Amino acid sequence: MDKRRKRLSVWEHYLANEIAIEFKACLYFFAILFFYCMYRLLMGSAHASILHMAEMIFLTYVMGYVQVYLLSGFDEGECLGVKESLYLVLCSFIYAGISFCAGWFGREVWISILFFAYVAFLYVCVFLVYKSKRKIDDKIMNENLKMFQARRAEHAERD
């Protein structure tokens with residue numbers, strides 16, 4: 001039984017990580033695609049490259065795995081310290097570098113620098129969203145605990 005419970009726990013941990021990666025990939029892909037589409041519109045084109053979009057979604061999945069398994073899910077961390085800030089800069093640099101090499105923005109250096117700043121800002125926003133979500137979840141859990149304790153005390157008085 002202990003072995004099965006441990007296996008289930010490992011499976012649940014893996015599944016939670018996979019769901020987090022899936023969520024991150026969708027979130028970051030949407031934000032990157034928004035930037036890309038705004039760039040294309042500002043350059044006078046209403047067309048987007050399917051190849052670029054495929055590269056973007058592939059990159060967001062790869063970066064999701066890197067963030068979760070190698071960089072300790074820094075964007076979901078408790079605080080944005082020095083280590084997390086370095087990871088933020090590193091990941092933003094990777095996104096900007098690949099966007100430049102893949103030609104998403106016509107290999108324009110100034111757009112790549114702007115994209116780097118956008119991705120860094122995006123990471124800060126995601127960090128703040130996760131932080132807010134944790135506070136809300138904590139509040140809900142504390143309210144549920146108080147309700148449970150009140151019900152338990154009520155049942156204890158009846159018995």
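Residues numbered from 1 in each chain as written. Predicted model: local features only at pLDDT ≥ 70, side-chain atom pairs only at ≥ 80, totals over all residues. Heavy atoms only, no water.

Here we take up the packing of helix H2 (residues 50–70) against helix H3 (residues 82–102). The geometry of H2 relative to H3 is characterised by a closest axis approach of 11 Å and an angle of 155° between their N-to-C directions. When the interaxial angle is binned, H2 and H3 end up roughly antiparallel. Where H2 crosses over H3, the handedness of that crossing is right-handed. On the side of H2, the interface is formed by His-52, Glu-55, Leu-59, Thr-60, Met-63 and Gln-67, while H3 contributes Cys-91, Ile-94, Tyr-95, Ile-98 and Ala-102. Within the contact of H2 with H3, the residues separate by chemical class into 7 nonpolar, 3 polar and 1 charged. (Axes fitted to C-alpha atoms, helices over the stretch in contact; angles between N-to-C directions. Helix = DSSP H or I, 4+ residues; strand = E, 2+ residues; numbered from the N terminus. Parallel < 35°, antiparallel > 145°, perpendicular 65-115°, else oblique. Left-handed = near helix turned anticlockwise from the far one by under 90°. Contact = heavy atoms within 4.5 Å. Nonpolar A, V, L, I, M, F, W, Y, C, P; charged D, E, K, R; others polar.)

On to unusual backbone geometry, then. A negative phi holds for most residues other than glycine; trans holds for most peptide bonds. Of note, Ser-72 is a non-glycine position whose phi angle comes to about 55°, a positive value. By secondary structure assignment, the location of Ser-72 is in the loop between H2 and H3. Assessed through its relative accessible area of 58%, Ser-72 is described here as exposed. Even without glycine at this site, Arg-107 takes up a positive phi of about 55°. (Buried < 20%, exposed > 50% of the residue type's maximum accessible area, 1.4 Å probe, protein only.)

An ideal rise of 1.5 Å per residue puts 30 Å on 21 residues; H3 measures up with 30 Å between its terminal C-alpha atoms. Within the sequence span of H3, burial applies to Glu-84, Leu-88, Cys-91, Ser-92, Tyr-95, Ala-96 and Ser-99. For H3, the angular spread of the buried residues around the axis is 130°, confining them to a single face. Seen from the open side of H3, the exposed residues pointing more than 90 degrees away from its buried face are Val-82, Leu-86, Phe-93 and Cys-101. Gly-103 lies just past H3 and shows a positive phi near 75°. (Expected span 1.5 Å × (residues − 1). Arc of directions from axis to C-beta.)

Before going further, it helps to examine the packing of H3 against helix H4 (residues 109–158). Relative to each other, H3 and H4 sit at 145°, their axes nearing to 8 Å. Handedness of the H3/H4 crossing: right-handed. Along its contact with H3, which presents Leu-88, Val-89, Cys-91, Ser-92, Phe-93, Tyr-95, Ala-96, Ser-99 and Phe-100, the element H4 presents Val-109, Ser-112, Phe-115, Phe-116, Val-119, Ala-120, Tyr-123 and Val-124.

Moving on: the nonpolar core. A general tendency of soluble globular proteins is for nonpolar side chains to be buried together. Membership of the largest hydrophobic core comes to 27 residues, with the highest contact counts inside it found for Met-56, Tyr-95, Trp-104, Phe-105, Phe-115 and Tyr-123. Those elements giving two or more residues to this core turn out to be helix H1 (2–42), H2, H3 and H4. Excluding anything up to four places from it in sequence, Met-56 contacts Phe-29, Ile-32, Leu-33, Tyr-36 and Trp-104. (Core = buried A, V, L, I, M, F, W, Y, C linked by side-chain atoms within 4.5 Å.)

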